[in-house]
Amino acid sequence: MGPYKRLKRMEPEENYRQKVVFTKSVLTLVLKTFAVCSGQWLLPWYYAITCPTLIIWRIITYWQAQFQYFCLDFCYFGNLIITLILWFNPSSPELCSLLFSIANGMLYLGAFSFRNSLVFHSVDKMTSTYIHTVPLLLSFGIRWHPEETSRYWHASFPTNPIEPSLQWNVFFPFLVLVTHSALYTLLVNVILQPEENIVTSFRYLKAKKSIKKVFGPNPPYIVFIAVNWTLCIVFSSLTLVFYKYYYAHVLGICVLLWYITWNGAGYYFDVFKMSMIRPKPEENAANKEE
């Protein structure tokens, strides 16, 4: 059976759902482009409405697929911290600096660690991309366009932000990560202790070939924690440059957008294309019978 016939045989409901998701994803991308470039006032409202909606959807679907432990990762914890700052004290220059470093540090790194990709018809992949990239865009608006970003928000963002500092750009983001690591270890490794068939971030990452090449076939959990903390310090230090220099921040955003776009292109032209061309086992059996 050829790829076109295989496409036609897709479930009509699934085909329609993917078209809807694709359309929404593209239109949302246009909306975010407008928000970043011209209508920055949209950024906090867009994030405040869509973030809890998508994360609740992610928890429900991941729980059904037994991936629920991914929802305890730092990416979700970081988005929770950003949400609390956004709602309860967005006028604090220090907390906005912390928000900036979380968004441009560990969340920025997470997009690379989990190979985020723009696959417009996949709710799952677009949600993962959202979690790591939209806080970055929000921080761009707050840092460089505070007056426009807070125009219709319930409070004003600081128009005189503090200078880049090791305290708020490196130390406190690191403290947030250490706090999460302690809570995560206590909850997952001590209290819940998931069965071997349940996937966690640690099990997912240590199964990757690149990780095995560097740390061996079965790296211990403490290595995962140590690498995480080290990368936090490195990428939080990088935010000092992003926070101080406008064009450095723009370049950092462009690098991330290039990366997730390239991964999306790889999915459509490699993974998706080959899945349509390569005959399935049941189709091979049917062809032999004919």
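Structure shown above.
Report follows, based on the coordinates. (Residues numbered from 1 in each chain as written. Predicted model: local features only at pLDDT ≥ 70, side-chain atom pairs only at ≥ 80, totals over all residues. Heavy atoms only, no water.)

## Examining a nonpolar patch on the surface
(1) Moving on: On the surface, a nonpolar cluster with roughly 750 Å² of combined accessible area is contributed by Trp45, Ile49, Leu80, Leu84, Trp87, Phe88 and Tyr152.
(2) Moving on: No other element matches helix H4 (residues 74–88), which puts 4 residues into the nonpolar patch.
(3) Moving on: On the accessibility criterion, Trp45 (32% relative accessible area) is partly exposed. (Patch = residues over 30% accessible without salt bridge, like charges linked within 9 Å, V, L, I, M, F, W, Y side chains within 5 Å. Areas by Shrake-Rupley, 256 points an atom, 1.4 Å probe, with all protein chains shown as cover. Salt bridge = Lys/Arg side-chain N within 4 Å of Asp/Glu carboxyl O. Helix = DSSP H or I, 4+ residues; strand = E, 2+ residues; numbered from the N terminus. Buried < 20%, exposed > 50% of the residue type's maximum accessible area, 1.4 Å probe, protein only.)

## Digging into helix H9 (residues 166–192)
(1) Moving on: All buried positions along H9 are accounted for by Trp168, Asn169, Val170, Pro173, Val176, Leu177, His180, Ser181, Tyr184 and Val188.
(2) Moving on: Residues of H9 that are buried sit in contact with H4, helix H5 (93–104), helix H6 (106–113), helix H10 (201–206) and helix H12 (221–244).
(3) Moving on: Following H9 by one or two positions, Gln193 has its phi on the positive side, about 45°. (Contact = heavy atoms within 4.5 Å.)

## A closer look at unusual backbone geometry
The general pattern is negative phi for most residues beyond glycine and trans for most peptide bonds.
(1) Moving on: Unlike most non-glycine residues, Gln66 shows phi in positive territory, near 65°.
(2) Moving on: Note on placement: Gln66 falls in the loop between helix H3 (42–64) and H4.
(3) Moving on: Here Gln66 falls in the partly exposed class, since its relative accessible area comes to 41%.
(4) Moving on: One non-glycine residue with positive phi stands out, namely Arg115, at about 50°.
(5) Moving on: You can see Arg115 is positioned in the loop between H6 and helix H7 (123–144).

## As for the environment of Leu86
(1) Moving on: Relative to the elements of secondary structure, Leu86 occurs in helix H4.
(2) Moving on: Along the sequence, Leu86 and Ala48 sit 38 residues apart, while their C-alpha atoms lie 8.1 Å from each other.
(3) Moving on: For Leu86, the contacting residues outside a window of four places in its chain are Pro44, Tyr47, Leu138, Ile142, Trp153, His154 and Phe157.

## Considering H6
(1) Moving on: The element H6 is extensively covered by neighbouring structure, given that 6 of its 8 residues are classed as buried.
(2) Moving on: Taken residue by residue, H6 has Met106, Leu107, Tyr108, Leu109, Gly110 and Ala111 as its buried positions.
(3) Moving on: The positive-phi residue at the C-terminal boundary of H6 is Arg115, with phi of around 50°.

## A word on the packing of H3 against H4
(1) Moving on: Running from amino to carboxyl end, H3 crosses H4 at an angle of 145°, the nearest separation of the two axes being 11 Å. Handedness of the H3/H4 crossing: left-handed. Contacts between H3 and H4 involve Pro44, Trp45, Tyr47, Ala48, Cys51, Ile55 and Arg58 on the former and, on the latter, Tyr76, Asn79, Ile82, Thr83, Leu86 and Trp87.
(2) Moving on: Of the residues contributing to the contact of H3 with H4, the split by class is 10 nonpolar, 2 polar and 1 charged. (Axes fitted to C-alpha atoms, helices over the stretch in contact; angles between N-to-C directions. Left-handed = near helix turned anticlockwise from the far one by under 90°. Nonpolar A, V, L, I, M, F, W, Y, C, P; charged D, E, K, R; others polar.)

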